Each structure stands twice: as structure tokens, then as C-alpha cells.
Protein chains: 2
Amino acid sequence: MVNHNRGLLIVISGPSGAGKGTICKELLEKNDNLFISVSATTRNPRAGEVDGVNYYFLDKDSFIQKIEAGDFLEHAEVYGNYYGTPKSKVEEMLLSGKDVILEIDIQGALKVKENSQEGIFVFILPPSMEELKKRIIKRGSETEESLMTRFKSAYQEINYVSTYNYAVVNDEVHEAVKKIESILTAERCRVDRIKENILDSKEGLIHEQLYD
Amino acid sequence: MVNHNRGLLIVISGPSGAGKGTICKELLEKNDNLFISVSATTRNPRAGEVDGVNYYFLDKDSFIQKIEAGDFLEHAEVYGNYYGTPKSKVEEMLLSGKDVILEIDIQGALKVKENSQEGIFVFILPPSMEELKKRIIKRGSETEESLMTRFKSAYQEINYVSTYNYAVVNDEVHEAVKKIESILTAERCRVDRIKENILDSKEGLIHEQLYD
């Protein structure tokens, strides 16, 4: 049974250079009931980083125990450090009715999809391939060959759009944010989410109005 | 292949007394690209009614021919007159990129669902069962028994919500309209609608940026 007071899990993902971070920042600023999932990591805290705010800082053993216990929606190892999305923390927020954003790369999103039935998967697209090219060049690639590699990677990544529910072009950040807000509003109206709620209040009618 | 310039077909339906008409009127006023499907009928035009605006007025033979040719998304006979939604007219608007509303009762919506793969089905709910009761009483039912029958009919009708994509509570008309507008925005971002479009522009990248 779907709990109709449960929050929404929204996965914001897409190729690097598409502008996921800027979009999530504005979404969070504008929506009081929206919270970002804080990742867990085994890397050392940097100056000013606070446990539970920037990351949940874990030692390697604890992290591996959590992997084995299935407590990550996704995790990855990058340069010898682990990073992951703690399932229990996300679940806690959703249960309390908060909407939760995961801002995540494509590989991570695919893993979340394997581990969660309820995510709303939004693929952020760069405004155009021309613009993506500019952004890739801007980030610096010295050789023609490495430029070629980056293009090919972007090309490959965009294929994954098929596994997402929605695609939003990040042409203008405000417009992209408004589209995602519309997606959240629409998802709250989806019958498969709120059917129980509607049918419950219908039962109310029968009892109160007909048989009392 | 999905044509990404094709308009959306949105079916606004629900039990009588839910306020479908008021919602559609405001939706049409606010959205320039949204058009309502004009029904065909065999009943005689009333004073001031214009063919093609209020209805397409057809004689009975033409109507029956069109039924047999499969040219109605749905049709029904009411007190000896036929009423129906002309498939070809709707198709014409969708092809030209217009979004089309069908404002229709539940039986009609179920028939449209059988005849069309692409409709977005929105069920309009009364604000509460208490409010529906008031509206039903207001419309006048003399006996306790007929009141009972009307309640039971509303009760049965709400079961059909399960076959719809979205449900919107008509608590406050402006809010309900905004929700439907969000649903339209979200549907335009659905990957299954725009995948071809995205992958086409990706092909553009490969040709222009990599191999030229």
C-alpha cells in the first residue's frame, strides 16, 4: 500500500556539464519541503566540513559493513575513497513526508534505479550539443584525441536518457527549475501514488453518508 | 516513432458535480495552445448554435456511417440522439501541434481509453465527499431513496479513478487548473514522448562535432 503522506524521491542526474548542481541549488532554495540527501564517504573531512551536513564521514570498515548490510542506494569507489547514498537516511526523510533530492551521476542513478522502486528519475540535458561542446572545451582538454574521448563519453551517456522518466533541457536555469517543480506537482497527482487515499475517503462517504 | 511536435491529448473527466466544466473553461482561457474537442451530434441545432463551434451537426445516417468507419473516439446515444468525439478532427489538431482537451463523462473516457494510446487521463474529484453530498442535494432529489441512489452512483464512479493517470481535487478552481498545467508541463518532459527528439540531436553531435 502506498503511503500518501510519504515524500517524493527525486533523482537529478545527467552528463557532467549539464548543470545539475545549479539546478538543485535553486530547487532547494525555492522549496521548503525539499531536502538533499547527504552522502556518506570514507575520505577525510576538509577544513570547515561538518559531519552530517557536507557528508557523513565514516571509516572504511563501517562503510564496508554498511555496503554488506545493503544500506546504500548506490555507492562507488573513487581514487581509493568510498562514496555512497545512505538508504536509511533517505528512508527516514521520505517517511516523515519530506521530498528528497539525490544529485547524482548517471552510473549512480542507474544503481539507485536497481535498488528503489519509487524514484522519479530526471535527466538534465545541456541546452544543445554545441553548448556541451563549449563546456567540455572550457573545462580544458589539451589534445584533439582527449576532446574526441570526452565527446564520445557525452554521446554514450546521453543514451541512458531512455532509462529515465523525464528529461529537462537546462537552457535557462529558472525554466528548468520550474519544469522540475511541475514534475513534482504532477507526480503528487499520479493516481498510482494517491489511489489508496482517494478510495479511503470514498469509504468514508459510504459509512458517514449512507449507512449512519 | 513519437512525433515530438505532436500536441497532447488530455481527457478531463470525473463524476458529475466535480466541476469539470469550470476547470476546462479556465484552462482554455489561460492556455493559447489548448483547444477543446468539438463533439458531433445528431440533435437539432438550438438558436444561436453554430456548426463546428458548438457541435458538428450531422444527420443520423452520416453519424452511423462514421461510427461504422471507426471515426469516433467515443460515442453514446442519449434520449434518441447521438453524441460523439470525432477522431479525425482531434487527430488533425494533434498533428498540427495543438493540445486538445476532451471534457467527458466517465463512460466516455473509458471508451476513449480503449481507442487511443496517447491520452492523458485526469480524474477531477470533488473537494470532499461531504461537498459532493451538498452538490447532489442542491441538484435536487426528492426522496431519501433517490438520494441514496445518487450517492451510490458517485461511490461507484469514484472506483474508476484507478484507470486514470492523474487525479486532481477541485478544492479551489485556480489551484486545480494550476495542477493540470503542471501535469501538461511534466508530460511534455516525459522521456517516452521526447526520446526520439533527444537521440536525434545526439546524432547531430556525432556528425557535426566528431566526424566532420
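Residues numbered from 1 in each chain as written. Chains lettered and ligands numbered in written order. Predicted model: local features only at pLDDT ≥ 70, side-chain atom pairs only at ≥ 80, totals over all residues. Heavy atoms only, no water.

Visitor: Describe the pairing of strand S7 (residues 99-103) of chain B, with residues and values.
Guide: All names here are of chain B. Along S7, four of the five residues are buried, which leaves the element largely enclosed by surrounding structure. Of the pairings in the sheet, the one linking strand S1 (residues 9-13) to S7 comprises four bridges and is parallel in character. Among the inter-strand pairings, Leu9 is bridged to a residue of S7, identified as Val100. The sheet contact formed by strand S2 (residues 34-36) and S7 spans three bridges and is parallel. Within S7, the residue paired with Phe35 across the bridge is Val100. (Buried < 20%, exposed > 50% of the residue type's maximum accessible area, 1.4 Å probe, protein only. Helix = DSSP H or I, 4+ residues; strand = E, 2+ residues; numbered from the N terminus. Pairing = 2+ DSSP bridges.)

Visitor: Give me the lowdown on the pattern of salt bridges, citing residues and values where you can.
Guide: Evaluated as defined, the whole model comprises 20 salt bridges over all chains. Between Lys25 of chain A and Glu29 of chain A there is a salt bridge, with the nearest N and O atoms lying 3.3 Å from each other. Here Lys25 of chain A and its partner Glu29 of chain A are both found in helix H1 (residues 20-30), four residues apart, which amounts to about one turn of the helix. No difference in accessibility class separates Lys25 of chain A from Glu29 of chain A, as the two residues are exposed. Between Arg6 of chain B and Glu118 of chain B there is a salt bridge; the shortest N-O distance is 2.6 Å. Note that Arg6 of chain B is positioned in the segment before S1 and Glu118 of chain B in the loop between helix H4 (106-115) and strand S8 (120-125), a separation of 112 residues in sequence. The class for Glu118 of chain B is partly exposed, based on a relative accessible area of 25%. One connected set of salt bridges, linked through shared partners, spans Arg6, Glu91 and Glu118 of chain A. (Salt bridge = Lys/Arg side-chain N within 4 Å of Asp/Glu carboxyl O.)

Visitor: Tell me about the interface of chain B and chain A, and please be specific about residues and values.
Guide: Contact with chain B, which involves 37 residues of that partner, is made by 37 residues of chain A. Applying the counting rule to chain B against chain A returns zero salt bridges. Where chain B meets chain A, there are six residue pairs in polar contact (both at pLDDT 80 or more). If you list the elements that add at least two residues to the side of chain B that touches chain A, you get helix H5 (129-138), helix H6 (144-158), strand S9 (166-169), helix H7 (173-188) and helix H8 (191-210) of chain B. The biggest single contributor to the side of chain B that touches chain A is H8 of chain B, with 12 residues. Class assignment of the residues belonging to the side of chain B that touches chain A gives a composition of 22 nonpolar, seven polar and eight charged. (Contact = heavy atoms within 4.5 Å. Polar contact = N/O pair within 3.5 Å; in protein donor to acceptor, adjacent residues only side chain to side chain. Nonpolar A, V, L, I, M, F, W, Y, C, P; charged D, E, K, R; others polar.)

Just geometry here; none of it tells us what the structure is for.
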